[in-house]
Amino acid sequence: MKIKRVFRIILKTIGIITGLLALYVIAGLTLYRIPVNKNVNYKAPNDVTIYLLSNGVHTDVVVPVKNEYMDWRGLIKYEHTDSKDSTYPFVGIGWGDKGFYLQTPEWKDLKLSVALKAALHLSTAAIHATFYKTVDTTIVKSAVLHISKEEYSGLVTFIKNNFLIDREGNSIHIPSTNDGYGDSDAFYEAKGSYSLFYTCNTWTNNALKAAHQKAALWVLLDKGIFYHYKK
């Protein structure tokens, strides 16, 4: 009897796990199609131009380094990059798992240990900032958004609130680790933690919601974001 009871418990546990995985997959395949802010007021003043970019793994929001509404140089510094070139006018900002960012610039670089830590909510987050001379919108996944100063203010507040700040009020730079990206990027400690339910693309989607731009109800992958920005 005890063996049968244990066997039933094992089968029940497997069934629950299988069901939860099925729900997760279904949610990932369907919820990104549900729009948020579908009826954006396109007649609002186009005060700031921002961009959405994807490298196939991570999505970034690209903004002007400095304008009359925000100067990102207080949080993201040119001197933290390898090039230390202060002539870049744009900066791309993304959030994600620190292990993914520092050890997985491309999918081929992914390690099982990194994936498990991220999936199980066991690691910390980082913000990846990349400076650009120009923004290449000819890449496979990109979008150009013209937004009002009020919408940009919402985006700025959301991003700023995700930086981990030290006692002096400064962002916390993560020293270069030969991460395999480029010479115009830097990493910073960030709030929150990556998980199966909150990915780098979920973060970008929430940034769009904060800016009152078209977004998905919930996304896992970058395609869920660009689904609402089809060219």
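Residues numbered from 1 in each chain as written. Predicted model: local features only at pLDDT ≥ 70, side-chain atom pairs only at ≥ 80, totals over all residues. Heavy atoms only, no water.

S.K.: Where do I start with the overall build of the protein chain in this structure?
M.R.: Secondary structure assignment for the protein chain yields six helices and nine strands. Taking all 231 residues of the protein chain together, the buried fraction comes to 44%. As presented, the protein chain carries roughly 12,800 Å² of accessible surface, and 60% of it is formed by carbon and sulfur atoms. (Helix = DSSP H or I, 4+ residues; strand = E, 2+ residues; numbered from the N terminus. Buried < 20%, exposed > 50% of the residue type's maximum accessible area, 1.4 Å probe, protein only. Areas by Shrake-Rupley, 256 points an atom, 1.4 Å probe, with all protein chains shown as cover.)

S.K.: Sorry, what's going on with the nonpolar core here?
M.R.: In a soluble, globular protein the nonpolar side chains are often hidden away together inside. One finds Trp-72, Ile-76 and Tyr-152 to be the most contacted residues of the largest nonpolar core, which totals 44 residues. When residues in this core are grouped by element, the largest group, five residues, is from helix H4 (residues 149-160). Ignoring any residue separated from it by four or fewer positions in sequence, one finds Ile-76 in contact with Val-91, Ile-93, Ala-129, Phe-131, Phe-163 and Tyr-188. (Core = buried A, V, L, I, M, F, W, Y, C linked by side-chain atoms within 4.5 Å. Contact = heavy atoms within 4.5 Å.)

S.K.: Please clarify how the sheet that holds strand E2 (residues 48-54) should be interpreted in this entry.
M.R.: Sheet strands line up and pair through hydrogen bonds in the backbone, either parallel or antiparallel. The antiparallel open sheet is built from seven strands, whose spatial order is E6-E2-E3-E4-E5-E8-E7. Each edge of the open sheet carries a strand with a single partner, namely strand E6 (142-147) and strand E7 (173-174). Direction of pairing for strand E3 (residues 59-64) relative to strand E4 (residues 90-97): antiparallel, over a ladder of four bridges. Each residue of the ladder has a partner; that of Pro-64, found in E4, is Phe-90. Running over the sheet, H4 touches E2, E3, E4 and E6 and is turned about 125° from E3. (Pairing = 2+ DSSP bridges. Axes fitted to C-alpha atoms, helices over the stretch in contact; angles between N-to-C directions.)

S.K.: Can you help me understand the packing of aromatic side chains in this one?
M.R.: Centre-to-centre distance and the angle between the planes together describe a pair of aromatic rings. Per the counting criterion, the structure on display carries seven aromatic pairs. On the basis of an interplanar angle of 90° and a centroid distance of 5.4 Å, the ring pair of Tyr-32 and Tyr-227 is categorised as edge-to-face. Pair noted here: Tyr-32 is in the loop between helix H1 (2-30) and strand E1 (35-36) and Tyr-227 is in the segment after helix H6 (222-226), with a separation of 195 residues, a long-range link. Between Trp-95 and Tyr-198, the aromatic rings sit 5.1 Å apart at their centres with planes inclined by 85°, giving edge-to-face as the arrangement. Of this pair, Trp-95 sits in strand E4 while Tyr-198 sits in the loop between strand E8 (185-190) and helix H5 (200-210), and the two are 103 residues apart along the sequence. (Phe/Tyr/Trp six-rings, centres within 6.5 Å; stacked < 30°, edge-to-face > 60°.)

It is worth stressing that arrangement in space is one thing and function is another; only the former is reported here.
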